[in-house]
Amino acid sequence: MPRAARETTLSVKDTCLCFAAQRAARALGRRFDAAFRAVGVTNEQFSLLNALNRAAPPMLGEVAELLAADRTTLTAALKPLVRRGLVAVKADATDARTRRIVLTAKGHALLAKAVPIWRREHTRLERGIADAGAVRRGLAALAK
């Protein structure tokens, strides 16, 4: 079986947007995981709790779409939050086949503690980026 040339490997490392995004996502995840440790959630759990902070409890599919996650992954991510009483999954009032994800009072309280941590860490992060708005727009364009 032929082997890829070392130059190809270096080229991918230096030019691949997917590789760069994955590395950045892991680094950002570690940074925010460390910050959120004080309130006992991971950065992914914070994002999920934040996605549930709506006027009306969303359906599973709506949250999956917002987070660019598949339903199976989202269901697995919800389980520890449900066990901790931060989230509840309930039948829709008009269609019992439809499930809605509810951020509980305990979940709202934890999110209220986590948001100032996010703001502080996010402000620090943005200070190190020359044009954070351009980075955000570029990432948003890739997520479409």
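Residues numbered from 1 in each chain as written. Predicted model: local features only at pLDDT ≥ 70, side-chain atom pairs only at ≥ 80, totals over all residues. Heavy atoms only, no water.

Engineer: Looking at this structure, I do not really get the overall build of the protein chain. What am I missing?
Structural biologist: Summing up its helical and strand segments, the protein chain has seven helices and two strands in all. Seen in sequence order, the protein chain has helices and strands lined up from the N terminus as α-α-α-α-α-β-β-α-α. For 144 residues, the compact-globule formula gives about 15 Å, and the C-alpha radius of gyration of the protein chain, at 19 Å, lies well above that figure. Scored against the burial criterion, the 144 residues of the protein chain give a buried share of 26%. Within the protein chain, residue pairs in contact and separated by at least 24 positions form 47% of the contacts whose partners lie at least 6 positions apart. Of note, the protein chain has its 26 positive side-chain charges centred 7 Å away from the centre of its 12 negative side-chain charges. (Helix = DSSP H or I, 4+ residues; strand = E, 2+ residues; numbered from the N terminus. Rg over C-alpha atoms; globule rule 2.2 N^0.38 Å. Buried < 20%, exposed > 50% of the residue type's maximum accessible area, 1.4 Å probe, protein only. Contact = heavy atoms within 4.5 Å. Lys, Arg positive; Asp, Glu negative; His and termini not counted. Charge placed at Lys NZ, Arg CZ, Asp CG, Glu CD.)

Engineer: Sorry if this is basic, but what is going on with unusual backbone geometry here?
Structural biologist: If a residue is not glycine, its phi is most likely negative; likewise, a peptide bond is most likely trans. A positive phi angle, close to 55°, is found at Ala 68, a residue other than glycine. With respect to the secondary-structure elements, Ala 68 resides in the loop between helix H4 (60-67) and helix H5 (71-83).

Engineer: Can you help me understand the pattern of salt bridges in this one?
Structural biologist: Between side chains of opposite charge, a pair can form as their charged atoms come close. Evaluated as defined, the whole model comprises six salt bridges. Glu 121 serves as the salt-bridge partner of Arg 31, at 2.5 Å between the closest nitrogen and oxygen. Taken together, the residues Arg 31 in helix H2 (residues 17-36) and Glu 121 in helix H6 (residues 105-127) connect sequence positions 90 residues apart. In this structure, the salt-bridge partner of Arg 100 is Asp 92, at a minimum N-O distance of 2.6 Å. Classification of Arg 100 as partly exposed rests on a relative accessible area of 23%. The structure contains a network of salt bridges with shared partners spanning Arg 31, Glu 121 and Arg 124. (Salt bridge = Lys/Arg side-chain N within 4 Å of Asp/Glu carboxyl O.)

Engineer: I would appreciate a short explanation of the layout of surface pockets in the present structure.
Structural biologist: For the largest pocket, the calculated volume is near 1,700 Å³. Lining the largest pocket are 36 residues, with Ala 25, Leu 28, Asn 43, Ser 47 and Leu 139 positioned closest to its centre. For the lining of the largest pocket, the secondary-structure elements that each account for two or more residues are H2, helix H3 (43-52), H4, H5, H6 and helix H7 (132-142). If one sorts the elements of the lining of the largest pocket by residue count, H2 sits on top with nine residues. Looking at the lining of the largest pocket residue by residue, the classes come out as 26 nonpolar, seven polar and three charged. (1 Å grid on protein atoms, 1.4 Å probe; cavity = no way out; pocket = protein on both sides within 12 Å on 5 of 7 lines; lining within 4 Å. Points joined across faces, edges and corners; volume = space filled by probe spheres on them. Nonpolar A, V, L, I, M, F, W, Y, C, P; charged D, E, K, R; others polar.)

Engineer: Got a minute to help me understand the nonpolar core in this structure?
Structural biologist: Nonpolar side chains tend toward joint burial in soluble globular proteins. Grouped together as the largest cluster of nonpolar side chains are 26 residues, with contacts concentrated most on Phe 36, Leu 49, Leu 52, Leu 78 and Val 87. Those elements that place two or more of their residues in this core are H2, H3, H4, H5, strand E2 (99-103) and H6. By residue number, the principal contributor to this core is H6, which donates six residues. Residues in contact with Phe 36, not counting those within four places in the same chain, are Val 41, Thr 42, Asn 43, Phe 46, Ala 114, Ile 117 and Trp 118. (Core = buried A, V, L, I, M, F, W, Y, C linked by side-chain atoms within 4.5 Å.)

Engineer: Sorry, what's going on with the packing of aromatic side chains here?
Structural biologist: Aromatic ring pairs are defined here through the distance separating the ring centres and the angle between the ring planes. If you walk through the whole model with that rule in mind, you get two aromatic pairs. With a centroid separation of 6.1 Å and 35° between ring planes, the pair formed by Phe 32 and Phe 36 is classed as tilted. Here Phe 36 and Phe 32 lie together in helix H2, a separation of four residues that amounts to about one turn. Exposure class is identical for Phe 32 and Phe 36. Each is buried. Ring centres 4.5 Å apart and planes at 25° place the aromatic pair Phe 36 and Phe 46 in the stacked group. Of this pair, Phe 36 sits in helix H2 while Phe 46 is found in helix H3, placing the two residues 10 residues apart along the sequence. Among the aromatic residues, those joined into a ring-pair cluster are Phe 32, Phe 36 and Phe 46. (Phe/Tyr/Trp six-rings, centres within 6.5 Å; stacked < 30°, edge-to-face > 60°.)

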